[in-house]
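# Inside the fold
The primary structure of each chain is shown beneath.
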Amino acid sequence: MVKKIENVGCPFCGVCCDDLVVTVSDDGKKILEVENACVIGSTVFHRAMSERHTLPRLRQPDGTYKEISYDEAIDYAAKVFHNAKKPLIYGFGSTNCEGMAAAAKVAEKAGAVIDNCASICHGSSFLAIFDNGYPSCTLGEVKNRADVIVYWGANPAHAHPRHMSRYSIFPRGFFTGKGHTGRKIVVIDPRHTDTAQMADIHLQVKQGHDYDLFDAFRTVARGHDIPAEVAGVKREDIIEVVDIMKKARFGTIFYGMGLCHSDGRNHNVDIAISLTRDLNDFTKWTIMAMRGHYNITGPGVVWSWQYGFPYCLDLTKRDIAHMNPGETSSVDLAMREEVDAFFNVGTDAAAHFPIEPVKRLRKHPWITVDPHPNMATEISDLHIPVGIVGVEVPGIVYRMDNVPVQYRNVIDPPEGVPSDEELFERIYERLCEL
Amino acid sequence: MSELIVKNGFVFDPLQGIKGDRMDIGIKDGKFVETSALGNPKVIDAAGKTVMAGGVDIHSHVVGPKVNVGRLFRPEDKLFKSPLKRGNRMEMGFSVPSTFKTGYDYARMGYVFVNEAAMPPLHSPHVHEEIRDTPIIDNAAMPVFGNNWFTLEYLKNNEIENNAAYTAWLLRATRGFAIKVVNPGGTEAWGWGLNCESIHDPVPYFDITPAKIVTGLIETNEHLGLPHSVHLHCNNLGNPGNYVDTLDSLKLAEGYTAKNNFGREQVLHITHIQFDSYGGDSWRTFESKAEEIMDYVNAHDNITVDIGQVTLDETTTMTADGPFEHSLRGLNNLKWVNTDVELETAAGVVPYVYSPNIRVCTIQWAVGLELALFAKDPMRTFISTDHPNAGPFFRYPRVIKWLMSREARDATMKTFKWLERTIDATSIDGIDRELTLYEIAQMTRAGPAKALGISNTYGGLVPGMDANVAIYALNPEDMPSDPEMIEKAFSQCAYLIKDGVVAVQNGEVVAEPAKRTIWVDVKVPDNAQVQRDIYEHFLRHYSVGVENYKIFDEHVHNPRAIEVDATQ
């Protein structure tokens, strides 16, 4: 008999759908069917069984990989940590919080820098939050109350496929029984995206001029006049949207990389937060970052309770953690050649970093911890395969609204393959012996 | 197994009425025993020192989402390194310390039990993850009920039994400890950017008054017979003239008596009552009404309070009173975090500087001390700073110093810019009372333990209880003339013994005995109506499935359940 497993969390994007139904073969080894997931989420499960290594692979002098035992790999990793003056551990977008906590323990012991994908993604959002706060809410609150939704510099139709149906545009919530017919949707994006296609109003902001447009919104909201056109948007359109926002019962601004990685970066997010603050003098408004991976919110949460900083943590001083993006951020450390060992965990730095820092990191030992082969594993000195969180390994992950979601496993990892947490605990033990 | 004897200390144990007698305390296998039951114990010499049970904190924000956002969004809070020798893990943060620093600092002060003041139920896995990473101290966490849609709907219809069944379900689902109520009704109103201004101001849509929420929850609590009482953060907190609303809230408890098997006598605990004891009609006429409040509290045995003492630090305010944090943002215009949680609550976080140069802050400081000094029954009035709202918890030793020494209070008051106006607006200058070590033991361990319903395990030195002992370098027969020495002694205890293991010695963490999660497991009769309501709300209104909402056993760290049978 095949087995249906319900309430499965999806290890793809920050929407963290937890309503998947996964059918596995009666021996519990094969995933046969995935229901309710988007096409990307479903692929994560179906891809689980292919292209897997069940033993760590160590680079040989001739450039080929040779399989070694986990004990040997752990010994190798511990020694790299032990010998390095300033190792860098980076990644964690796609693993559970237990793994992040264990990796931090290793980083603290080894005197390493530990960083996560926010470093090249929503890190600028954190800088804005440090300055200006974050008036936000959980996604269920949006579903139950929101009658105006703004997507600014975000394209969930492609990046977060079920975001609109689960939380924002379409769902019928407690006070929103009419679903999408009771909501106004505003999309602000230089491109006419598939998300813009859903909007009642699409403001085509001139690329790189989001800050100007926010400034105009704030000016109008406070009752002042603006020029006939700001950032490529006509005054009437701005006034119309601000009027909708002020008359909302409950509104949410969802913003994406269009803000935090276009000109202005953290300043764009900062003024978005200021606009939200202003609007709360009239009615209820909230703002939320569209975090990418299913648990990229996790390291920011875990390392904040452990050290007080969400990313770019320099633990090399041993008794005080230090954070200063630009100085302690992965790409900058790599560019200055300040780190002498690199651990790529639950992400693919080789694919996501610019090529220069990759080349410089590659001059030193590079260890990749990932269930699957990826670009990073192919240039690593050591690849340590681990179980896939959400498929083979359970654990807690944090959704884009900081809500913890408990993930399950639907099958077991290949025999002998540990979880990230087990791996880092074993590296820690070995490190203590050295 | 291991045996210890704490010899010749001056023992203060209000649960047994021991007032500084020179005694020996026996410990075997993590429990207190009669000294006659010991074979060849290791000796800890406490001669010339004060011996108390491990401290119990009834209200402190130490773990969970709003605490953590307070850490996350304040890098400036990590500017200074802790002056103390670090424990096993790195110690970071000032007003909102990291989990590791929280555990170590509490242990250094001789505390063993800390009750997390507010757990948003949806975020309970986060709370329990942080509990796992908070070393040494045992933790409980109170889920918030006062704005929960289930609770509002049941209480509006006077369905106490249904509300009780839901409460039992939620305590289990979140591994929670007690019924926490924060700005009842007002926080739900904040979902629309509104508030409930008084306890008679009905909640939008749900059409129930805060008064009815509180009395309904008291009835629920006593119907179930939970260890702790309803734990209330009042409406209209923090505003001039709010003592009238506070008295209204206190009066809600009239006519109710405690029904439980845990030795608890109160039906209502008002937390950080300092923030609720203000007179005047504006910030300009702001004044203390501590005496009026304490007159009422002193005369009513079914109420306990903790003070929420302002410590005059730069700190981080955080509460599930969303509208209050929004108004505080308007007051100081600093950065503001808000998190509305679906169907349950809404929290806010704003940094705040309690400056000795600001009149309102120094009046607040005086109000807190007045409350403790006007208290007739220290078993019902507890020391807290509503950490980190009025100040960080590691200032308890300073609060103790102020309460034990008029000289220390005068020295602090001399630094006030608006001393005369502070004196005019309060009665602090007319109070000569200095609390004794016995009264401090009542306010910091025996009293809170009894009010929490855990005095069979914590807060005393009775054989059979958990062997938690704090030894302070203070000789009651020869108290230091310099009050600073009192603060120092309580900051870095000579010894903390937790579950029979020496965890702190001379103020330094030397071991990390296993810590626990305390929760309340209530058995109630099957209730099909409530099961159906839970199913419906999760199907339609929550954003996570009910099976993923209930915390998995594997995420609860070293649990100890307190069993309650409410099926009779």
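Residues numbered from 1 in each chain as written. Chains lettered and ligands numbered in written order. Predicted model: local features only at pLDDT ≥ 70, side-chain atom pairs only at ≥ 80, totals over all residues.

### Comments concerning the overall build of chain A
The condition that has to hold: Numbering of helices and strands runs from the N terminus; a helix is a DSSP stretch of H or I covering at least four residues, while a strand is a stretch of E covering at least two. Restricting the calculation to C-alpha atoms gives the radius of gyration, and the globule rule supplies 2.2 Å times the number of residues raised to the power 0.38. Backbone-placed C-beta atoms define the burial measure: a residue is buried with 20 or more other C-beta atoms within 10 Å of its own, exposed with 12 or fewer, and partly exposed in between. Placing C-beta atoms from the backbone, we regard two residues as in contact once those atoms come within 7 Å.
Counting its regular elements, chain A contains 17 helices and 22 strands. Scaling as 2.2 N^0.38, a compact globule of 434 residues should have a C-alpha radius of gyration of about 22 Å, and chain A matches this with 23 Å. For chain A, the spread of C-alpha atoms along the three principal axes comes to 70 × 55 × 35 Å. Counting over 434 residues, chain A shows a buried share of 59%. Long-range pairs, those at least 24 residues apart, make up 68% of the contacts in chain A between residues at least 6 apart in sequence.

### Digging into the sheet that holds strand S4 (residues 57–59) of chain A
Residue and element names in this part refer to chain A. As a reminder, the rule being used: What makes two strands pair is DSSP finding at least two bridges between them. The convention used is that axes are lines fitted to C-alpha atoms, helices contributing only their stretch in contact, and that angles between N-to-C directions extend from 0 to 180 degrees.
Strand order in this open sheet of 9 strands is S5-S4-S20-S19-S18-S6-S7-S16-S17, and the pairing throughout is mixed. Unpaired on one side and paired on the other, strand S5 (65–67) and strand S17 (322–323) mark the two borders of the sheet. Both strand S6 (residues 87–91) and strand S18 (residues 341–345) contribute to a ladder of 5 bridges, which runs parallel. For Leu88, the partnering residue across the bridge sits in S18 and is Phe342. Most of the contacts of helix H2 (residues 70–83) go to strand S20 (residues 382–384), to which it runs at about 120 degrees, and overall it touches S4, S6, S18, strand S19 (366–369) and S20.

### Structural notes on the environment of B:Ala566
Residue and element names in this part refer to chain B. Relative to the assigned elements, Ala566 resides in the segment after strand S24 (559–565). What makes Ala566 partly exposed here is the crowd of 17 C-beta atoms within 10 Å. Residues Ala566 and Pro323, spaced 243 residues apart in sequence, show a C-alpha to C-alpha distance of 35 Å.

### Some words on the interface of chain B and chain A
How we decide: Residues are grouped as follows: Ala, Val, Leu, Ile, Met, Phe, Trp, Tyr, Cys and Pro are nonpolar; Asp, Glu, Lys and Arg are charged; all remaining types, including Gly, are polar.
The partner chain A presents 52 residues to the 46 residues of chain B that form the contact. Residue assignment for the side of chain B that touches chain A shows that the elements contributing at least two residues are helix H1 (65–72), helix H2 (99–108), helix H3 (124–132), strand S16 (336–341) and helix H18 (546–549) of chain B. A total of 6 residues in the side of chain B that touches chain A trace back to one element, the largest contributor, which is S16(B). Partitioning the side of chain B that touches chain A into residue classes produces 17 nonpolar, 16 polar and 13 charged. Bridge count between strand S8 (residues 133–137) of chain A and S16(B): 5 bridges; the pairing is parallel. Bridging from a neighbouring strand, A:Gly133 pairs with B:Trp336 of S16(B).

### A closer look at unusual backbone geometry
Looking along the chain, the bond that leaves B:His387 and enters B:Pro388 is cis, with omega of -5 degrees. Mapped onto the fold, B:Pro388 is located in the loop between strand S18 (381–382) and helix H12 (396–404). We note that A:Cys16 has phi near 50 degrees; this positive angle belongs to a residue other than glycine. By the element assignment, A:Cys16 lies in the loop between strand S1 (3–8) and strand S2 (20–24). Judged by C-beta crowding, with 31 C-beta atoms within 10 Å, A:Cys16 ranks as buried. Phi is positive for B:Asn158, close to 60 degrees, though the residue is something other than glycine. Checked against the element boundaries, B:Asn158 lands in the loop between helix H4 (149–156) and helix H5 (160–174). For B:Asn158, a count of 12 C-beta atoms within 10 Å corresponds to the exposed category.

These results come straight from atomic positions and should not be treated as a statement about function.
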